Amino acid sequence: MKLTDRKRNDIIQAATHEFESRGYAATSMDRIATTAGVSKRTVYNHFISKEVLFREILAITIDKIMSVSNIPYEPDKPLREQLKAITYKMVEFHSDPSFVSVARFVITEFLNSPKMAEELFEELRTRQSGLKTWIKAAYTDGRLKITDEKLATQYYGAMLKEFVFWPQVLCGQKQPKGKELDKLVNSIIDVFLAAYEV
């Protein structure tokens, strides 16, 4: 990694830490520079404002959300087996402390900036997640009966977030593990397949 790329990454990591610790409004570019171990000028060379830096963190997070479930559809494998692989990857991602950290301060900032929240949700709606691609492929193969793959994707994601996102982000609960997680994943898949499997 080039030195400039490493410094950019250090700035993003420092900003993430400061936004979580102090909140967006109370975080200054001076604090971010100090935490990153770089000069304030270096921070501004990479990001012209705090908002641009905040949006860069959002963009990185969105890219990760979209790619986390990138498991190719396999026509010869049972749907349940494939959904399990996808779902466990999604659970692992949502359990990552760095993601939970970003989610917390982003949600807080969205309460103060509904316009920014609307822009994010619009981008998420227009992007093609790995799960949505898989659902569309399974439908094209005649194994799912779906009239709207976007709605089916949102339905699946909403069930997952109910158990492995909101309780952890908002209430600080621990992610389910072992048999408890297996039971949860299987129940989500049961509901989804009962609604959509041919």
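Whatever comes next refers back to the structure up there.
Let me begin by describing the structure that accompanies this report. (Residues numbered from 1 in each chain as written. Predicted model: local features only at pLDDT ≥ 70, side-chain atom pairs only at ≥ 80, totals over all residues. Heavy atoms only, no water.)

**Focus on the nonpolar core**
Next, step 1: Membership of the largest hydrophobic core comes to 32 residues, with the highest contact counts inside it found for W134, I135, L144, Y156 and F192.
Next, step 2: For this core, the secondary structure elements donating two or more residues are α5 (79-95), α6 (97-112), α8 (130-140), α9 (149-164) and α11 (178-196).
Next, step 3: A total of eight residues in this core trace back to one element, the largest contributor, which is α11.
Next, step 4: With sequence-adjacent residues up to four places away left out, L144 is seen in contact with L79, W134, I135, A138, Y139, F192, L193, Y196, E197 and V198.
Next, step 5: Among the nonpolar cores identified, the runner-up in size contains 26 residues, and I11, A14, V43 and I57 belong to it. (Core = buried A, V, L, I, M, F, W, Y, C linked by side-chain atoms within 4.5 Å. Buried < 20%, exposed > 50% of the residue type's maximum accessible area, 1.4 Å probe, protein only. Helix = DSSP H or I, 4+ residues; strand = E, 2+ residues; numbered from the N terminus. Contact = heavy atoms within 4.5 Å.)

**Quick look at the packing of aromatic side chains**
Next, step 1: Counted according to the given criterion, the structure contains twelve aromatic pairs.
Next, step 2: Consider the rings of Y24 and F54, whose centres lie 5.1 Å apart with planes at 70°: the pair is edge-to-face. With a gap of 30 residues between them, Y24 in the loop between α1 (3-22) and α2 (29-36) and F54 in helix α4 (residues 50-67) connect regions that are remote in the sequence. Accessibility classification places Y24 together with F54 in one group, the buried group.
Next, step 3: Here the basic side chain of K50 rests over the ring of Y24, its NZ or CZ set 4.4 Å away from the ring centre. (Phe/Tyr/Trp six-rings, centres within 6.5 Å; stacked < 30°, edge-to-face > 60°. Lys NZ or Arg CZ within 6 Å of the ring centre and 35° of its normal.)

**Comments concerning α8**
Next, step 1: Taken together, the buried positions of α8 are occupied by G130, L131, K132, W134, I135 and A138.
Next, step 2: Each element contacted by the buried residues of α8 is listed here: α4, α5, α7 (114-126), α9 and α11.
Next, step 3: Once α8 finishes, G142 follows within two positions and takes phi at roughly 80°, a positive value.

**As for the layout of surface pockets**
Next, step 1: Of the volumes computed, that of the largest pocket is approximately 940 Å³.
Next, step 2: The wall of the largest pocket is formed by 33 residues, among which I65, M66, F121, L124 and K161 lie closest to the centre.
Next, step 3: Size it by volume and the second largest pocket reaches roughly 330 Å³.
Next, step 4: What lines the second largest pocket is a set of 16 residues, and nearest its centre among them are Q13, K64, S98, F99 and V102.
Next, step 5: Looking at the lining of the second largest pocket, the elements with two or more residues in it are α1, α4 and α6.
Next, step 6: The greatest single-element share of the lining of the second largest pocket, amounting to six residues, is contributed by α1.
Next, step 7: Partitioning the lining of the second largest pocket into residue classes produces six nonpolar, seven polar and three charged. (1 Å grid on protein atoms, 1.4 Å probe; cavity = no way out; pocket = protein on both sides within 12 Å on 5 of 7 lines; lining within 4 Å. Points joined across faces, edges and corners; volume = space filled by probe spheres on them. Nonpolar A, V, L, I, M, F, W, Y, C, P; charged D, E, K, R; others polar.)

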